[in-house]
Each structure stands twice: as structure tokens, then as C-alpha cells.
Amino acid sequence: MNDISQIIKETAEKIMEDLCTKQVVEDSELGILPRELWKTIVKSGMATVGVSEEAGGSGGSFADALTILRIAAKFSAPIPIAETLMANWVLSEAGLPLMEKPTTIASNNNGNKMMFIEISDGWTISGSAYDVPYARYAEAVVVIGNSQQGNMVAIVNPRACHIEHEQNLAGEARDHLYINNVHLQGEAVSRVREGNDNNLLYRGALIRAVQMTGALERILELSIAYSKERIQFGRPIAKFQAIQQQIAILAGEVSSAKTITNLAVKSFEAGNGEKQIMAAKIRVGEAASLGAPIAHQIHGAIGFTDEHSLQQSTRRLWSWRDEFGNESYWANKLGNEVLNTGPDYLWPFVTSMNSELVL
Amino acid sequence: MVKSLELETIQLSQKTEQVRHQVRNFLKEEMEAGTFIPQCDSWLSKWDPEFSRKLGQRGWLGMTWPKQYGGQERTALERYVVTEELLAFGSPVAAHWFADRQTGPLLLRYGNEKQKSEILPRIARGEVFFSIGLSEPNTGSDLASISTNARKIDGGWLLNGSKIWTSGAHRSHYMVTLCRTSTKTDNRHEGLSQLMVDMSSSGVSVRPIHLMTGEHHFNEVFLEDVFVPDDMVVGTIGDGWKQSMAELAFERSGPERFLSTFPLLVELIRVLQQETTNEGGFTAVGRLVARLTTLREMSLGVAGLLEQGVSPDITAALVKDLGTQFECQIAEVARLLVSSSTRVANSRFKSLLADAVLHSPGFTLRGGTTEILRGIIARGVGIR
Ligand SMILES: Cc1cc2nc3c(=O)[nH]c(=O)nc-3n(C[C@H](O)[C@H](O)[C@H](O)COP(=O)(O)OP(=O)(O)OC[C@H]3O[C@@H](n4cnc5c(N)ncnc54)[C@H](O)[C@@H]3O)c2cc1C
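Bear in mind that the values here come from a model prediction, so they are computed numbers and not experimental data.

A. Spatial organisation of the domain arrangement of chain B. Residues and elements named next belong to chain B. Under the domain assignment, chain B is made up of domain 1 (13-128), domain 2 (132-239) and domain 3 (254-380). Of the residues lining the interface, 20 residues belong to domain 1; the matching set on domain 3 comes to 23 residues. Summing the contributions of domain 1 and of domain 3, the shared interface buries around 1,800 Å²; its carbon and sulfur component is 59%. Where domain 1 meets domain 3, there are 3 salt bridges. One salt bridge in this structure joins R366 and D41, with 3.0 Å as the shortest N-O distance. At the boundary of domain 1 with domain 3, the tally comes to 11 residue pairs in polar contact (both at pLDDT 80 or more). Of all the secondary structure elements, the ones that give two or more residues to the side of domain 1 that touches domain 3 are α2 (42-45), α4 (76-88) and α5 (94-110).

B. How the structure looks around the UniProt feature "domain: Acyl-CoA dehydrogenase/oxidase C-terminal" (unreviewed entry) in chain A. Within this numbering scheme, the UniProt entry marks residues 201-316 of chain A as carrying the feature "domain: Acyl-CoA dehydrogenase/oxidase C-terminal" (unreviewed entry). Span residues 201-316 of chain A is 79% helix and 3% strand, its end C-alpha atoms 19 Å apart.

C. Region of interest: the domain arrangement of chain A. Residue and element names in this part refer to chain A. Looking at chain A, the domain boundaries give domain 1 (1-79), domain 2 (101-194) and domain 3 (196-355). Placing the centre of domain 1 and that of domain 2 at their C-alpha centroids yields a distance of 24 Å. Counting residues at the interface gives 10 residues for domain 1, matched by 7 residues for domain 2. At the boundary of domain 1 with domain 2, total buried surface from both sides reaches about 630 Å², with 55% on carbon and sulfur atoms. Broken down residue by residue, the surface that domain 1 buries against domain 2 is led by E29, L33 and W38, which jointly contribute 55%.

D. Up close: the packing of α5 of chain B against helix α7 (residues 240-252) of chain B. All names here are of chain B. Running from N to C, α5 and α7 cross one another at 135°; their axes reach a closest spacing of 9 Å. Taken as axis vectors, α5 and α7 run oblique relative to one another. Like other packed secondary-structure pairs, α5 and α7 cross with a definite hand, here right-handed. Across the interface between the two elements, R101, Q102, P105, L106, R109 and Y110 of α5 pack against K242, Q243, A246, E247, F250 and E251 of α7.

E. Inspection of the environment of T261 of chain B at higher detail. Residue and element names in this part refer to chain B. Along the chain, T261 turns up in the loop between α7 and α8 (262-274). When its relative accessible area of 0% is taken as the criterion, T261 is described as buried. Put simply, T261 and S13 are 248 residues apart on the chain and 28 Å apart in space, counted from C-alpha to C-alpha. Filtering out sequence-adjacent residues up to four positions away, T261 remains in contact with C40, E327, I330, A356 and F363. Of note is the side chain of T261, whose polar atom sits 2.9 Å from the backbone oxygen of E327.

F. Summary view of the nonpolar core. In terms of nonpolar packing, the biggest core is built from 181 residues, with M16, L206, L220 and L346 of chain A together with F262, L264 and L268 of chain B touching the most fellow members. For this core, the element with the most residues is helix α6 (residues 196-229) of chain A, which contributes 16 residues. Non-local contacts of M16 of chain A, meaning those with residues more than four positions away in its chain, are made with L37, I41, I71, A72, F75 and A77 of chain A. Of all hydrophobic cores here, the second largest spans 33 residues; its members include W65, Y110, F130 and L159 of chain B.

Thresholds, definitions, all that
Residues numbered from 1 in each chain as written. Chains lettered and ligands numbered in written order. Predicted model: local features only at pLDDT ≥ 70, side-chain atom pairs only at ≥ 80, totals over all residues. Heavy atoms only, no water. Domains from an automatic or database assignment. Contact = heavy atoms within 4.5 Å. Buried area = accessible area lost by both parts, 1.4 Å probe. Salt bridge = Lys/Arg side-chain N within 4 Å of Asp/Glu carboxyl O. Polar contact = N/O pair within 3.5 Å; in protein donor to acceptor, adjacent residues only side chain to side chain. Helix = DSSP H or I, 4+ residues; strand = E, 2+ residues; numbered from the N terminus. UniProt positions renumbered as here; feature names shortened; annotations may be inferred. Axes fitted to C-alpha atoms, helices over the stretch in contact; angles between N-to-C directions. Parallel < 35°, antiparallel > 145°, perpendicular 65-115°, else oblique. Left-handed = near helix turned anticlockwise from the far one by under 90°. Buried < 20%, exposed > 50% of the residue type's maximum accessible area, 1.4 Å probe, protein only. Core = buried A, V, L, I, M, F, W, Y, C linked by side-chain atoms within 4.5 Å.

So this is what it looks like as C-alpha cells:
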């Protein structure tokens, strides 16, 4: 890790420790977006990491941005930082202005339909998108949709949209968003760079995988700490071999999740990393499904309450594993690719997973 | 995050990838020539001295050792790549496996000059094979409880006791034998030593123990007043525990801990490819490949740490725990996806599946059981 990466990581940790308390996460489920946390994140330049300074961003690599997201997720940060970062990458690639306000993305992935139609004095946009993260809090929606000229992107004012409140299992806003003939000037609309529409799904999957590793780290740390504190039968439950073995399994899931996402991040930076992202979303989803019940079992009844912060992480894990394609979705795709490649090329397929990184 | 669980992403060099392609081409040629048919668990059960010698001739045994001892001075990652190719092809590598993987490095680190200059070059040529004498009838996981012992006599040691589950003892030339060389004290790890037993010595007898498949692989080795000369002591008398533990680090995290049933996965894909309607098959295969990729990355990460001289006990235990579960999982997935009528028509699939199922109990026992590994991990994260 180079110096800048280290600074970004430490800064993010510090901000989260100071400002992303358990209370802040609880309040978010009552409809309060933590403005203070958001402002600090923006002031430190974290909303535009991964966009070069020449393009108006804060510089840093894509991997740095993902480090921020992992740390934010570890603290269950209830802010649209992932969405704003992703929006800014899309905007900068499309040559549109970057956003420092809370921003979300509505694309035509996942059965959504967004249509751009060119008219004499600009464009009109219509369509609907489901489970849009933080739409009700967003001050800008980056909309990506089809047109006769190819895929287009534009910034739309959420006040011009109809928004229905929905949420995921973690109480994070996942709203339905409807756009009906919103009119935009020509210069406010731009072409999506070739290939980048599909890319959004992969980026989203990678981002959720990275966020899950943050939450997994958290539940492992909580489980270790709790097992040392909680006394039953006259000793800390950590002394029971059954508990030790469960924590060992959880540790294996966390380590696996981190290792495969690291590979996916590196591969994405080096080229496109599609296969690696598929593998990461599958494996990390599995780790979430295996790890969360272990953490709950170790915590006993207290972990099942809203009082204890464990649920802030486990509910996120249960939600994120389903967002941007769950394990089955990606496993089917990856399996198809493997079967098309054929039995005699299975091993070369596996070893090619990190050959994009060859020195 | 618990620091000891972190692994770096390893970037292989061009040169390393070239080695891979040489090995891959060699293996394809050998397979086409009919030298071998890919088998599950071949590193334990497919013993072929001729094949081992061919690898030796190509410089693929003892790769990382100094040239003066018959090595090639290649990197640990180059060796890693060679071993993973050999295993992925299910090639017959059992004869040299222990010698190349652990005895060689053990001797390099602790052996005397005579051992190094006489034995290492022969291991690297694929001429001398080793077995590992740790377990005893009353000693399994609790290794420090061994009772095989050696008494000092003029010019050497007189060894008595017995070893069990000794893989390949009936065909190997030497056995590195952990034994007690002084009486037990409060510290059970003291007073243990490693002696290299020449299997042709008088007093050594080997009794076969057959696996449930009927294969002869295991043995019980009886040691009755076996004379072991002083210069066949490995390292220092009394340091046997420390030396054995260092040796085990080479053992736990290699590709043989997750590739033992890989040839079955290849065959599964061949079968599924012909059944275009098997939608569940795509998903199941996708999941296995995601898991395999993850394990390989972890194992490479550990290899990278070993190369830097770090001893990654916890992550090595993780690779072995998760990897051996995965080896069993391939068998289970294959079993559930392919109907018995398809198996009748595909004898190759059927026999690989049979091998994988019948060998699977061993995967999670050998080299430290699942439970023991999880204990190591628990200690590593600070709760034991
Ligand atoms: C295929 C194969 C090849 C082998 N090759 C060799 C070889 O070449 N040389 C050699 O020396 N040995 C060899 N072994 C032996 C192997 O090292 C032992 O099987 C292993 O160490 C376990 O010992 P055990 O079989 O006596 O089981 P035990 O130690 O008796 O264990 C039985 C069960 O009890 C559990 N258990 C034991 N202690 C604990 C504990 N503290 N906490 C929780 N659970 C516990 C174990 O996990 C296991 O489930 C081989 C084994 C196999 C299967």
C-alpha cells in the first residue's frame, strides 16, 4: 500500500469512528440522514476518489475508493457514499460535472427501463427504476438509459421524479423511482462510454462484495470480543471448544471473502475483471450466508435485539448479498462461461483468474 | 481486522507463467502418450518412480534448493506453479511428493552437510523417496504423546517402537522418524528428535494396512533395535518438536489441499456439457469455480508469505480446513448432478466419483484434522 492509500484509509477510519456511531445508524432508520458525516466525507474529498485531479476529482485509485467503502460498510455508514462515488465515475467518463451532494444512480439494469428521446431542444427522459439506493435523500439522480443513439446518461433533479419509499432488510432506503417526460437541455445529456452500461452491474457487484467484507470484518471482531466477555458456566464462552470452532469457521469465511475481493479489485483495475467480480460476488455472498448465523449464535439473545449493534451488520449482509445479482445469478453466469470453455480448458480458466496481474 | 487473516494478492511473473506452460505442455504430451490417466488424490496414491524421474530430469523437483544440492534456485512461486499443474492434471506424483515437499526443505534447514550433499541431489533427481513417521498406534492428533524412543549407543542411536498410517513406507527408501530421545519432563515438547531411518536397515519391518478401497497405501512400521548412525540424526537432538512443526508449515497450505478431486470436476464438466438441459449444473459449477478461485488465491498468498520467510500458521490452517472441505464438496456436487443412468454410460466419470467419495474421509484427517486446524485458527485470533 502506498502512502496516499494509507492516508486515505486512516482518514476514513478516523471519520467513521468519530461520526458514524451506533446512534447515527439507528437514527437513519427513522429517516435522518447524517449530514455531519456526509459533510466531513465530502470535505475530505472522499466523494470523488478514483476520479483524477485533472478531471476535477480527488485522485487516488479505484482501489482506494473501495477501501473507503469497505471501512464505511464496517461502520454501517448510512450514507450514499457508494452511489455517489459510482455516479462520479460515470459522470467523469461521460464528461459531465461531478457531484458532491448525496447522489444516487438509476440505470436500466435489473429489469429497469429508462428511455432517452431526443427532441428539438434537448431530450426527454421517462422510465422507472426499482430499489434505487437513497433516492429519497438524494439531491441528484444520475440516470442511465437507452436511446436510439445508444446509452445515455444525465443528471436528473429528484424533485422532478416520483419516489416511492421502500427499504431493504437493513432499513436502508431502496426506493422506487418514476420519471415521466423530464425535459433536459442538450448539454446536460451525454453518451455512456462504450461498454460501460454492463460495466455498471459489475461495478455494483464489486462494490457490494467489498462492502460485505467490511461488515464481515465487523461481525468477526464483535464475535471474538463478545466470546471473551460473556461468562457462562463460570467461564468466558470463548473457552468452550464448540465456540472456538465456530469462530474459526467464521474467520475462514472472512479471510476468503477478503482474498477474493482483493483479487477482483486488482483485476478490475488491471483490465476488466469480469470473471473475478463474478467469483467475488458469489463467494462473498456465501460467506455472508454462512457467517451471519455464526455471529448470531455466538451472541445469544442479545444479538437478536435492536439494542445490540450486531444486527446493523448482519442485516446489511443479508441485504447486500441480494443486490446487484445474488450468488445464483452470478454462479449461473460463471458456470455458463466455464461450460462453454469446456472441460479441457477448466484449469487454464482457473489459472487465468490472476494472469491479468502478471508482472 | 484480525491482521493474521490478511493475505496479499500475488502477482506471478512472466517467467513463472513460462514455467507453467512448459509443465502443462509436458503433461499434455505424457497424457497423450498414455503415460498416465488423470486420477483423484494422485499425490497420495499414484506412485510412479519413472514419472518422478522424468520430472527430476526436467528440474521440477527440489526446484527452490541451491544448485550445489541438485536444486534449480527457482522461487517458491515457480515451484508452486509446477505443483499445481501436476495436481490439476491428476498426474502420478506420490513417489516423490513428501521428499520434495517437506523432507528436502527440512534437510536444507536443519540437515548436516553429508545429508545435504548426498541425499538432496538424489531427491531432486527423483531417485530417493521418503515417508513420514509421526503417527503411532496410540498417538494421532496429540503428537507429543509418541512413545517410539531411541537410546544413545556408541556411534548412533538404537530405535524401538512403531509408526502407523505411514504412507508409502513399503516403497520409500527412508523414513523421517519422530521419537523420544530423553524421558518425558513437564514440557512434553522437550526430548523429541528426528532420526532418518534407512528402510533397509535390519530391525525395520513393514506391515501393509489396506484402505477401504482395498488399496495398499498405509502401513504400520515396526522398529526393533534399529541402529541409526549419528550422522542420520536430523538437526539437533532434543529439537525434534520445533523442527517437525517447521516442517508441517510446508505441508498445510499447498495446492494438494484443495485439488485432490479436481480431475472429477473436469469430468463433471464434460458430462454436463452434453446435457444442455442441466440448468442447476451451471449454478453449481459456478459456485465451485468461485470457491476454487478463492482457495487458490489464499494458497498463493500463503506461498508468497513463505517466500518472504514468514510462517503463516493461521492462514495455512485456513487453506487446509477450507480446501479439504472443498475437495469433499466436489464429490457431493458431482454425485447430485449426474444421474445413475448417465454414470452407466460414462465409466470414467463413475470411477473418478468412486475414488473421490471413497478417499474423502482422509482429506480432512491427514496432516492435521479439521478440529485441530480450527483450534490453531482459534488460537490465532486470540480466543484460545
Ligand atoms: C490418508 C492419510 C495419510 C496419512 N499419512 C500419514 C503418514 O504418512 N505419516 C504419519 O505419521 N501419519 C499419517 N497419517 C495419520 C494422520 O496424521 C492422522 O490420521 C491424524 O494426525 C489424526 O490422528 P488419528 O487418525 O489418530 O485421529 P485422532 O487424533 O485419534 O482423532 C480422532 C478424532 O478426534 C478428534 N480430536 C482429537 N483431538 C482433538 C482435540 N484436541 N479437540 C477436538 N477434537 C479432537 C479428531 O479431530 C478426530 O476427529 C495419515 C492419515 C491419513 C488419513
